Amino acid sequence: MTTGTSTALTAGTWVIDPVHSLVGFSVRHLMVSKVRGRFTDFSGKLVINEDGTASAEAEIRVDSVTTDNAQRDAHLRTADFFHAEQHPTATFESTGFRVSGDDFVVDGDFTFHGVTKPVSLEVEFLGVNPGMGNGPVAGFEAKTVVSRRDFGVDIDMPLPDGGGVVVGDKITLTLEVEVGLQS
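Residues numbered from 1 in each chain as written. Predicted model: local features only at pLDDT ≥ 70, side-chain atom pairs only at ≥ 80, totals over all residues. Heavy atoms only, no water.

Asker: What's the story with the pattern of salt bridges in this structure? I'm lost.
Answerer: Enumeration according to the criterion identifies 3 salt bridges in this entry. The partner of D63 in a salt bridge is R61, and the shortest N-O contact between them spans 3.4 Å. A salt bridge links R149 to D169, with the nearest nitrogen and oxygen atoms 3.5 Å apart. Of the two residues, R149 is situated in the loop between β10 (137–147) and β11 (167–181) and D169 in strand β11; the sequence distance between them amounts to 20 residues. (Salt bridge = Lys/Arg side-chain N within 4 Å of Asp/Glu carboxyl O. Helix = DSSP H or I, 4+ residues; strand = E, 2+ residues; numbered from the N terminus.)

What follows is the structure in structure tokens.
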């Protein structure tokens, strides 16, 4: 039986297909639930060199945030949170790749809200497929957890009676990415 996928990426530039990818996040709300959101405008690429080394970079337009709530999305774009007018993009540039069991970790510099910090993305490689006539495609799922305070988003909205805060500090970033090999 053939599955149509392989585990090898060929050398070249693999570009994110935004139609078949997702850049999302989740954060605690009222200390008991999570708010989930995503960005609709992003781009990036993975470059595999002939010697097998790799690099990755991505850019996210932070004003493209959506949590499916217009009032909350408008607030996220303000200086209280993303300050999208002053810091319109978030970027990632890899600094290294390492094997972790059957998967791998991509280390890199993440810039958000005008602050750059190192992050490590836990990445699951989903394989390569011949595609649908436009060349091979590959899939990845990745995640990392960052502190919003580390990136200068230090708004604290305490709940009454010392019951915690409205928005948690830890943000889980999730990427579901399909890339296509550019000819």
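Asker: Sorry, what's going on with the environment of R38 here?
Answerer: For R38, the location among the structural elements is in strand β3 (residues 33–39). Sequence separation between R38 and V62 is 24 residues; the distance between their C-alpha atoms is 9.5 Å. Contacts of R38, omitting those with residues within four sequence positions, involve L22, V23, G24, F25, S64, V65, T66 and D68. (Contact = heavy atoms within 4.5 Å.)

Asker: How should I be thinking about the packing of aromatic side chains in this particular structure?
Answerer: Aromatic ring pairs are defined here through the distance separating the ring centres and the angle between the ring planes. Evaluation of the coordinates by the stated rule reveals 9 aromatic pairs. Measuring from centroid to centroid gives 6.3 Å for F110 and F112, while their planes differ by 0 degrees, and the two rings are stacked. By the burial criterion, F110 is buried, and F112 matches it. With a centroid separation of 5.5 Å and 70 degrees between ring planes, the pair formed by F110 and F151 is classed as edge-to-face. Taken together, the residues F110 in strand β8 (residues 103–112) and F151 in the loop between β10 and β11 connect sequence positions 41 residues apart. Accessibility expressed as a relative area gives 3% for F151, which makes it buried. Each member of the aromatic cluster is reached from another via a ring pair, and the members are F25, F39, F82, F110, F112 and F151. (Phe/Tyr/Trp six-rings, centres within 6.5 Å; stacked < 30°, edge-to-face > 60°. Buried < 20%, exposed > 50% of the residue type's maximum accessible area, 1.4 Å probe, protein only.)

Asker: Got a minute to help me understand the environment of V166 in this structure?
Answerer: You can see V166 is positioned in the loop between β10 and β11. Using a relative accessible area of 19% as the deciding quantity, one classes V166 as buried. Sequence-wise, V166 and M31 are 135 residues apart; in three dimensions their C-alpha atoms are separated by 6.9 Å.

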